[in-house]
Amino acid sequence: GQQVMQIPQYQHVQEGEDFTTYCNSSTTLSNIQWYKQRPGGHPVFLIQLVKSGEVKKQKRLTFQFGEAKKNSSLHITATQTTDVGTYFCAGQDFGNEKLTFGTGTRLTIIP
Amino acid sequence: NAGVTQTPKFQVLKTGQSMTLQCAQDMNHNSMYWYRQDPGMGLRLIYYSASEGTTDKGEVPNGYNVSRLNKREFSLRLESAAPSQTSVYFCASSEAHRGEQFFGPGTRLTVL
């Protein structure tokens, strides 16, 4: 079955530094979604990427979908304490209603 | 709008006991999902329902049953709880099967 790998598992950064998490799928994806989960909270949708090579920005967050639609990344510029949490990618196969979540990257910020 | 609600928030069971986790959404979504979240393993799909009256197995269905009672409600039942089912359970819904998913606050279940 489809597997979605995400690295790194943990990332500790100084406030103001940049952060990147990477997501790789074993199969070509129809689309990829990104979610953020604050400590003790539930996952919250951030964005969906559908097109090959797509790049989307949300303020300090930049999302990319690879040309082959098998990998994706999330980059945060100049991290802030509000960015703390676990970031998950979730891939969806063609013709499949199920999302497969990556294992997540837990971001902690050192003030 | 409350979004997605789940009850209970916390539950402790003894091995072999049964229980039902309740989930309801007020967004008129067609698709609903049950996930479990374990440390270091992300979210794994247990069951999902693409529309009222249909249910399908996800990645880890063993030991669970579901009921899509109506368009709003999707329940998850543990018939005979085992310690391996200790986890945080999230219900989610989406308007279409390719759209963003909205998650409930979760149920933290411990099986002793």
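Residues numbered from 1 in each chain as written. Chains lettered and ligands numbered in written order. Predicted model: local features only at pLDDT ≥ 70, side-chain atom pairs only at ≥ 80, totals over all residues. Heavy atoms only, no water.

Draft legend 1. Just the overall build of chain B, in detail. Along the backbone of chain B there are 0 helices and 11 strands. Going from N to C terminus, chain B has its helices and strands arranged as β-β-β-β-β-β-β-β-β-β-β. For chain B, whose C-alpha radius of gyration is 13 Å, the value lies close to the compact-globule estimate of 13 Å for 112 residues. The C-alpha extent of chain B, read off along each of the three principal axes, is 35 × 25 × 25 Å. A separation threshold of at least 6 residues defines the contact pool for chain B, and within that pool the share at least 24 residues apart is 55%. For chain B, the computed accessible surface area is about 5200 Å², with 49% contributed by carbon and sulfur atoms. With 11 positive and 9 negative side-chain charges, chain B shows a separation of 7 Å between the mean positions of the two kinds. (Helix = DSSP H or I, 4+ residues; strand = E, 2+ residues; numbered from the N terminus. Rg over C-alpha atoms; globule rule 2.2 N^0.38 Å. Contact = heavy atoms within 4.5 Å. Areas by Shrake-Rupley, 256 points an atom, 1.4 Å probe, with all protein chains shown as cover. Lys, Arg positive; Asp, Glu negative; His and termini not counted. Charge placed at Lys NZ, Arg CZ, Asp CG, Glu CD.)

Draft legend 2. The arrangement of the state of the cysteines in detail. All names here are of chain A. The full count for this structure, using the stated rule, is 2 disulfides over all chains. In this model Cys 23 forms its disulfide with Cys 89; the gap between the sulfur atoms is 2.0 Å. The disulfide joining Cys 23 to Cys 89 has a torsion of about 75 degrees about its S-S bond and is therefore right-handed. Linking Cys 23 in strand 3 (residues 19–25) with Cys 89 in strand 9 (residues 85–92), this pair joins segments that are 66 residues apart in sequence. By the burial criterion, Cys 23 is buried, and Cys 89 matches it. (Disulfide = S-S within 2.5 Å. Buried < 20%, exposed > 50% of the residue type's maximum accessible area, 1.4 Å probe, protein only.)

Draft legend 3. The interface of chain B and chain A, seen in detail. At the junction of the two partners, chain B supplies 21 residues and chain A supplies 23 residues. Where chain B abuts chain A, roughly 1700 Å² becomes buried across the two surfaces, and 52% of that area is made up of carbon and sulfur atoms. Between chain B and chain A we count 0 salt bridges in total. The tally of links between chain B and chain A comes to 3 residue pairs in polar contact (both at pLDDT 80 or more). In terms of residue class, the side of chain B that touches chain A is built from 10 nonpolar, 8 polar and 3 charged. (Buried area = accessible area lost by both parts, 1.4 Å probe. Salt bridge = Lys/Arg side-chain N within 4 Å of Asp/Glu carboxyl O. Polar contact = N/O pair within 3.5 Å; in protein donor to acceptor, adjacent residues only side chain to side chain. Nonpolar A, V, L, I, M, F, W, Y, C, P; charged D, E, K, R; others polar.)

Draft legend 4. Up close: the packing of aromatic side chains. Taken as a whole and judged by the stated rule, the model has 13 aromatic pairs over all chains. Between A:Phe88 and A:Phe101, the aromatic rings sit 6.4 Å apart at their centres with planes inclined by 80 degrees, giving edge-to-face as the arrangement. Of this pair, A:Phe88 sits in strand 9 while A:Phe101 sits in strand 10 (residues 99–101), and the two are 13 residues apart along the sequence. Both residues of the pair, A:Phe88 and A:Phe101, belong to the buried class. One aromatic cluster is present, built from ring pairs that chain together A:Tyr35, A:Phe45, A:Phe88, A:Phe101, B:Tyr33, B:Tyr35, B:Tyr48, B:Phe90 and B:Phe103. (Phe/Tyr/Trp six-rings, centres within 6.5 Å; stacked < 30°, edge-to-face > 60°.)

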